[in-house]
Amino acid sequence: MISGAWYKATVAGPDDRSIDTVRTVAEVRARVGAWRAAGDTVGLVPTMGALHEGHLSLVRLSLARAGRTCVSLFVNPTQFGPDEDLRAYPRDEAADAARLAALGADLLFAPGTGEMYPPGDVTEVSVPGLGDCLEGEHRPGFFTGVATVVAKLLMQVRPDIAVFGEKDYQQLLVIKRMVKDLDIPVRIEAAPTVREADGLAMASRNAYLSAAERAAAPALFRTISAVAGQVAGGADAGETAAWGEGLLLKAGFARVDYLTVRDAETLEPVDRAGRPARVLAAAWLGEARLIDNVAVQAGARKGHRPA
Ligand code: PAF
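Residues numbered from 1 in each chain as written. Predicted model: local features only at pLDDT ≥ 70, side-chain atom pairs only at ≥ 80, totals over all residues. Heavy atoms only, no water.

A. Main features of the environment of Arg60. When you line up the elements, Arg60 lands in helix 2 (residues 53-65). Its relative accessible area of 38% is what places Arg60 among the partly exposed residues. Sequence spacing of Arg60 and Ala191 is 131 residues, and the spatial spacing of their C-alpha atoms is 9.7 Å. For Arg60, the contacting residues outside a window of four places in its chain are Glu53 and Leu103. (Helix = DSSP H or I, 4+ residues; strand = E, 2+ residues; numbered from the N terminus. Buried < 20%, exposed > 50% of the residue type's maximum accessible area, 1.4 Å probe, protein only. Contact = heavy atoms within 4.5 Å.)

Right, dumping it as structure tokens:
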């Protein structure tokens, strides 16, 4: 049902709201240009679709902070490794558009791969240091893929603000660094992690969990929270992280890629609480690789260690 330069994805719902979808850089620039000419500020929420409550919280933040909100939907092939799940990545654009329309987002920018990476496109953005450790170590090339596509989206849409979730904490730091280093005129807004009732951080890849894995998954948040509590109370970060890894394995996780306490800005390892710190972890439950992180609340009392 494509008509003219963009089409409307109609929402099934009592208010029958709809959202315009555009697929080219020229179209998104024209729409954003018209908003600006009318005096509106613009928020961008970059996503890879398969929208859940976590994404919707980013959209709500943008709607609260900017006059107009554009959500991008692009499953970016350059941030998937050769053994990763690009083909299987969940896709349902119609359902995503309906959710966005119901929230009152203004525009969906859903370019194809040819629009984002036309033939001859070779330039990449990399963020050494912050982008090399943790996720960068386990998923080589991942942050170059993320930084490159986000730089392109920021220059295509030219928003005043762009919203990213703290769930992907390292990604947030990498993007903030890139924006600062490249003098991209945008303010990066961080939105807190949205969790299921049992603590599991919402993520598109949670869809890969079997019922038994889903039941075990909240141990990740429980464990990093316990580690954060211990470290805040003065425990040695390395020893406590090793204890946390043991807990995860006992809870049914097959492998722990990392569970570590890092400086909240530089991601350098910390020994003890003192400066702002973060506990970050990535661990495997069956085929699903879950990541999560929490802040170390300095000055908190040391909790007791569960067996
Ligand atoms: O967090 C994501 O969904 C992606 O990494 C992002 C920021 C949309 C870039 O493709």
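So much for the structure itself; the text now carries on.
B. Examining the confidence of the model for the protein more closely. In the predicted model, the protein carries a mean pLDDT of 93, and 92% of its residues have values of at least 70. Overall, residues 1-14 carries pLDDT values under 50, and its contacts beyond four positions in sequence, including any with other chains, amount to 31 contacts. (pLDDT = per-residue confidence, 0-100.)

C. Broad picture of the sheet that holds strand 9 (residues 277-285). Strand order in the open sheet formed by 3 strands is 8-9-10, and the pairing between neighbours is antiparallel. Looking along the sheet, the strands with just one partner apiece sit at the ends: strand 8 (255-263) and strand 10 (288-296). Between one strand axis and the next, the sheet turns through 10 degrees on average, direction left out of account. Two strands pair when backbone bridges link them, and strand 8 and strand 9 are joined in this way by 8 bridges, in the antiparallel orientation. In the sheet register, Val261 faces strand 9, and the bridge partner there is Val279. Lying over the sheet, helix 9 (residues 219-232) contacts strand 8, strand 9 and strand 10, oriented at roughly 30 degrees with respect to strand 10. (Pairing = 2+ DSSP bridges. Axes fitted to C-alpha atoms, helices over the stretch in contact; angles between N-to-C directions.)

D. Layout of the site of the ligand. Taken together, the neighbourhood of the ligand is formed by Pro46, Thr47, Met48, Asn76, Gln79, Val146, Val149, Val150, Phe164, Asp168 and Gln171. Separating an oxygen atom of the ligand from a side-chain N or O atom of Gln79 is a distance of 2.6 Å. Between an oxygen atom of the ligand and a side-chain N or O atom of Gln171, the distance comes to 2.8 Å. Surface burial for the ligand is 88%, taken as the share of its 290 Å² of free accessible area covered by protein chains. Within the residue set of the shell around the ligand, elements represented by two or more residues are strand 3 (42-47) and helix 6 (142-157). Here the shell around the ligand gets 3 residues from one element, more than from any other, and that element is helix 6. Residues that form the shell around the ligand fall into these classes: 6 nonpolar, 4 polar and 1 charged. (Near = heavy atom within 4 Å. Polar contact = N/O pair within 3.5 Å; in protein donor to acceptor, adjacent residues only side chain to side chain. Areas by Shrake-Rupley, 256 points an atom, 1.4 Å probe, with all protein chains shown as cover. Nonpolar A, V, L, I, M, F, W, Y, C, P; charged D, E, K, R; others polar.)

E. Focus on the layout of surface pockets. In this structure, the second largest pocket occupies an estimated 230 Å³ of space. The wall of the second largest pocket is formed by Leu130, Tyr169, Leu172, Leu173, Lys176, Arg177, Lys180, Glu265 and Thr266. Partitioning the lining of the second largest pocket into residue classes produces 4 nonpolar, 1 polar and 4 charged. (1 Å grid on protein atoms, 1.4 Å probe; cavity = no way out; pocket = protein on both sides within 12 Å on 5 of 7 lines; lining within 4 Å. Points joined across faces, edges and corners; volume = space filled by probe spheres on them.)

F. Inspection of the side chain of Arg278 at higher detail. Mapped onto the elements, Arg278 comes out in strand 9. Relative accessible area serves as the criterion here: at 11%, Arg278 is assigned to the buried category. A polar contact is formed between the side chain of Arg278 and the side chain of Asn293, at a distance of 2.9 Å. Those residues in contact with Arg278 that lie beyond four places of it in its chain are Glu166, Tyr169, Thr260, Val261, Arg262, Ala264, Asn293, Val294, Ala295 and Val296.

G. Structural detail: the packing of helix 1 (residues 25-37) against helix 6. Orientation of helix 1 relative to helix 6, taken along the N-to-C sense of each, is 50 degrees, at an axis distance of 8 Å. Considering the angle they form, helix 1 stands oblique to helix 6. Only Met155, Gln156 and Val157 of helix 6 make contact with helix 1, whose side of the interface consists of Val25, Val28, Arg29 and Val32. Partitioned by chemical class, the residues of the contact of helix 1 with helix 6 number 5 nonpolar, 1 polar and 1 charged. (Parallel < 35°, antiparallel > 145°, perpendicular 65-115°, else oblique.)

H. Highlighting the nonpolar core. Formed by 46 residues in total, the largest nonpolar core has its most connected members in Leu154 and Met178. Secondary structure elements with two or more residues in this core: helix 1, strand 3, strand 5 (107-109), helix 6, strand 6 (161-165), helix 7 (169-181) and strand 9. Here this core gets 10 residues from one element, more than from any other, and that element is helix 6. If you look at the next biggest cluster of nonpolar residues, it comprises 30 residues, including Leu209, Ile224, Ala241 and Ala277. (Core = buried A, V, L, I, M, F, W, Y, C linked by side-chain atoms within 4.5 Å.)

I. Up close: the pattern of salt bridges. Within this structure, the stated rule accounts for 21 salt bridges. Two residues, Glu84 and Arg139, come together in a salt bridge whose shortest N-O distance is 2.9 Å. In this pair, Glu84 sits in the loop between strand 4 (68-73) and helix 3 (93-103) while Arg139 sits in the loop between helix 5 (135-138) and helix 6, placing the two residues 55 residues apart along the sequence. On the basis of relative accessibility, which here comes to 29%, the residue Glu84 falls in the partly exposed class. One connected set of salt bridges, linked through shared partners, spans Glu84, Glu135, Arg139, Arg255, Asp257 and Arg289. (Salt bridge = Lys/Arg side-chain N within 4 Å of Asp/Glu carboxyl O.)

J. Quick look at helix 2. For helix 2, built from 13 residues, the straight-helix expectation of 18 Å at 1.5 Å per residue is met to within 8% by its first-to-last C-alpha distance of 18 Å. Of all the residues in helix 2, the buried ones are Gly54, His55, Leu56, Ser57, Leu58, Val59, Leu61 and Ser62. Next to the buried residues of helix 2 lie strand 3, strand 4, helix 3, strand 6 and strand 7 (187-191). (Expected span 1.5 Å × (residues − 1).)

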